[in-house]
Protein chains: 2
Amino acid sequence: MSTPIVILVRPQLGENIGMAARAMLNGGLTEMRLVRPRDGWPNEAAWAAASGADRVLDEAKLYATVADAIADLNHVYATTARSRAQAKPIVTARQAGAELRDLIADTRRCGVLFGPERAGLENDEVAAADTVLTVPLNPDFTSLNLAQAVLLLAYEWYQAGDQTPGRYLAGGADVPAPKAEFENFMDRLVAHLERGGFMTEPQLRHTVTRNLRNLFQRAAPTEQELRTLHGAVKALTKAGTPE
Amino acid sequence: MSTPIVILVRPQLGENIGMAARAMLNGGLTEMRLVRPRDGWPNEAAWAAASGADRVLDEAKLYATVADAIADLNHVYATTARSRAQAKPIVTARQAGAELRDLIADTRRCGVLFGPERAGLENDEVAAADTVLTVPLNPDFTSLNLAQAVLLLAYEWYQAGDQTPGRYLAGGADVPAPKAEFENFMDRLVAHLERGGFMTEPQLRHTVTRNLRNLFQRAAPTEQELRTLHGAVKALTKAGTPE
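Since this is a predicted model, take the numbers as computed values, not measurements.

Scoring rules and cut-offs
- Residues numbered from 1 in each chain as written.
- Chains lettered and ligands numbered in written order.
- Predicted model: local features only at pLDDT ≥ 70, side-chain atom pairs only at ≥ 80, totals over all residues.
- Heavy atoms only, no water.
- UniProt positions renumbered as here; feature names shortened; annotations may be inferred.
- Helix = DSSP H or I, 4+ residues; strand = E, 2+ residues; numbered from the N terminus.
- Salt bridge = Lys/Arg side-chain N within 4 Å of Asp/Glu carboxyl O.
- Buried < 20%, exposed > 50% of the residue type's maximum accessible area, 1.4 Å probe, protein only.
- Contact = heavy atoms within 4.5 Å.
- Buried area = accessible area lost by both parts, 1.4 Å probe.
- Expected span 1.5 Å × (residues − 1).
- Polar contact = N/O pair within 3.5 Å; in protein donor to acceptor, adjacent residues only side chain to side chain.
- 1 Å grid on protein atoms, 1.4 Å probe; cavity = no way out; pocket = protein on both sides within 12 Å on 5 of 7 lines; lining within 4 Å.
- Points joined across faces, edges and corners; volume = space filled by probe spheres on them.
- Nonpolar A, V, L, I, M, F, W, Y, C, P; charged D, E, K, R; others polar.
- Axes fitted to C-alpha atoms, helices over the stretch in contact; angles between N-to-C directions.
- Parallel < 35°, antiparallel > 145°, perpendicular 65-115°, else oblique.
- Left-handed = near helix turned anticlockwise from the far one by under 90°.
- pLDDT = per-residue confidence, 0-100.
- Least-squares fit on C-alpha atoms with pLDDT ≥ 70 in both.

Moving on: the UniProt feature "domain: tRNA/rRNA methyltransferase SpoU type" (unreviewed entry) in chain A. Under the feature "domain: tRNA/rRNA methyltransferase SpoU type" (unreviewed entry), the UniProt entry names residues 5-155 of chain A. End-to-end, the C-alpha atoms of residues 5-155 of chain A are 14 Å apart, and along that stretch the chain is 37% helix and 19% strand.

In structure tokens:
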């Protein structure tokens, strides 16, 4: 599958081009286009800042105008930090990630324009795009550098195709133990606690047992961990009362 | 509402601390804690790289150990680039953003640990946390610098509380025109096209009209844009045929 093309328009610092390449590759984006980089191209400062994402820079293509850089593309996004009062759809980075997956699955060639560090894209460059991309961020501090803006796009592109569960326990084998083994531990724990005089009042016994059960249930122990707990209980009974 | 505390553990470069502060503020995070920064604290290089996020650095607190830095917290995440084979829940950055909103709404004090630039957190530091946070990224290139990792957390925290629609048209007044006005334009367009001989074959007339209707419907013109289109049709009829 092809990936969205990142188009840096009149970038100023080679270092930022290199950091943008690194951010792209973090999210699996490999195609970079450059429109009139200020300090010329190739620029050693870019490779120095790319932390190994050289391949993106090696294959970057140079263009004289935005129109040239997007001429072969079917759908183009323009990133802006602020609204430009143009009657054009605006999407979040998250929405762009999902849309780009759909568009590219539908064989469209897609690109995302990023403006120069200080000024951003010119209004006519924004107008050349189909859709504006604006990242929702703290309105009191939206100063986002070029590589960070590229990172958020690359990140959302990657997330839109990623299957990692939101929350899971490390290690496939580390599933919580079957309930029968959990009950076996609880029975043993309660028996030892009773012998040790922990639950002398009969009416509290049920409540205390339930509290302990809830605590250990929340931890969702694995079989291995239940064995460790059995050992701990045994050791505690042997330890006796310290003088 | 309080916000998650970003805890940088043994950060090496002051510049990275400053860029992390900037990334935090992008997502509305303001509380930074530092555990034994390599080059001491305060460090001028941090302020120089913060792009105006000075407030975060001014209020950063210094700690001698991770245990000290998390002593008053109720829930702690540890960021890691790779799985550590610890039987601990792992969450994505997106999940962490949502969970942190819930935890903090429930009055928990929450923090997120970030390790030093090269080595990351030590295993015992990871074990001190409740939950591991790992950002799903290109497995062939996971090299993410400290400030970028902080940015992705701050970004997801912000998104989890943000109400921006995924896709909308710029400007609240720029809603698509009522259908009656759209039909009025289509009628006029078709009438002029017929007069100009565009749809001579009667059996194609319905099809062509429908194609044009679909094209203009996709653009979803506003009232202002319909006026512009009316004007354009009028001008074209006046322009006559070029010799």
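Don't stop here, the text continues.
Another aspect to go through is the pattern of salt bridges. Counted according to the given criterion, the structure contains 24 salt bridges over all chains. B:Arg94 is the partner of B:Glu156 in a salt bridge, and the nearest nitrogen-oxygen pair spans 3.2 Å. Taken together, the residues B:Glu156 in helix H7 (residues 146-160) and B:Arg94 in helix H5 (residues 93-105) connect sequence positions 62 residues apart. Its relative accessible area of 2% is what places B:Glu156 among the buried residues. The shortest N-O distance in the salt bridge between B:Glu194 and B:Arg205 comes to 2.6 Å. One end of the pair, B:Glu194, is in helix H8 (residues 179-195); the other, B:Arg205, is in helix H9 (residues 202-219), with eleven residues separating them in the sequence. Residue classification places B:Arg205 among the partly exposed residues on the basis of a relative accessible area of 40%. The network of salt bridges with common partners includes A:Glu31, A:Arg33, A:Asp72 and A:Arg109.

Contact with chain A, which involves 50 residues of that partner, is made by 50 residues of chain B. Carbon and sulfur atoms make up 55% of the area that chain A and chain B hide from each other, which totals about 4,200 Å². Its largest share of buried area at the contact with chain B, chain A owes to A:Phe141, A:Tyr155 and A:Arg167, together 16% of the area lost on that side. For the interface between chain A and chain B, the tally reads four salt bridges. A salt bridge links B:Glu99 to A:Arg167, with the nearest nitrogen and oxygen atoms 2.7 Å apart.

This part covers H7(B). Along an α-helix, residues three or four positions apart point the same way, because every turn accommodates 3.6 residues. Residues and elements named next belong to chain B. Spanning 15 residues, H7 covers 22 Å between terminal C-alpha atoms, matching the ideal 21 Å at 1.5 Å per step. Taken across its 15 residues, H7 has 14 buried, putting it largely inside the fold. Capping the start of H7 is the job of one residue whose side-chain oxygen sits 3.1 Å from the backbone nitrogen of Ala 147: Asn 145.

Take the layout of surface pockets next. Any empty space left between the atoms is revealed when a probe the size of a water molecule rolls over them. The calculated volume of the largest pocket comes to roughly 1,100 Å³. Secondary structure elements with two or more residues in the lining of the largest pocket: helix H1 (14-26) and helix H7 (146-160) of chain A together with helix H1 (14-26) of chain B. Looking at the lining of the largest pocket, its residues break down into 21 nonpolar, 15 polar and eight charged. Of the voids in this model, the second largest pocket is the one considered here, and its volume is about 720 Å³. Along the walls of the second largest pocket sit 32 residues, with B:Thr80, B:Ala81, B:Arg82, B:Thr142 and B:Leu144 positioned nearest its centre. In terms of residue class, the lining of the second largest pocket is made up of 15 nonpolar, eleven polar and six charged.

Next up on the list: the packing of helix H8 (residues 179-195) of chain A against helix H9 (residues 202-219) of chain A. Packed helix pairs are characterised by how far apart their axes lie and by the angle those axes make with each other. All names here are of chain A. Running from N to C, H8 and H9 cross one another at 135°; their axes reach a closest spacing of 11 Å. The angle between H8 and H9 falls in the class oblique. Pair H8 / H9 crosses with right-handed handedness. Contacts from Lys 179, Phe 182, Glu 183, Phe 185, Met 186, Leu 189, Val 190, Leu 193 and Glu 194 in H8 reach Arg 205, Thr 209, Leu 212, Arg 213, Phe 216 and Gln 217 in H9. The residue inventory of the contact of H8 with H9, partitioned by class, reads eight nonpolar, two polar and five charged.

This next bit is on the confidence of the model for chain A. Per-residue confidence for chain A averages 92 on the pLDDT scale, and 97% of its residues sit at or above 70. Quick note on the complex model: pTM equals 0.90, ipTM equals 0.89.

Time to look at the relation of the copies chain A and chain B. Turning chain A through 180° and shifting it by 0.0 Å along the axis lays it on chain B, with an RMSD of 0.1 Å. The two molecules are tied by a two-fold rotation axis, judged by turn and shift. Both copies present the same face, since 100% of the interface residues in chain A are matched by interface residues at the equivalent positions in chain B.

Our focus in this paragraph is unusual backbone geometry. The amide bond that connects A:Trp41 to the next residue, A:Pro42, takes the cis arrangement and shows omega of 0°. A positive phi is found at A:Arg10, a non-glycine position, where the angle reads about 45°. The topology assignment puts A:Arg10 in the loop between strand S1 (5-9) and H1. Residue classification places A:Arg10 among the buried positions, given a relative accessible area of 19%. Of note in this structure, B:Ser51 is not a glycine but carries a positive phi near 50°. Within the element layout of this structure, B:Ser51 appears in the loop between helix H2 (44-48) and helix H3 (54-58). Residue B:Ser51 is classed as partly exposed on the basis of its relative accessible area, which comes to 37%.

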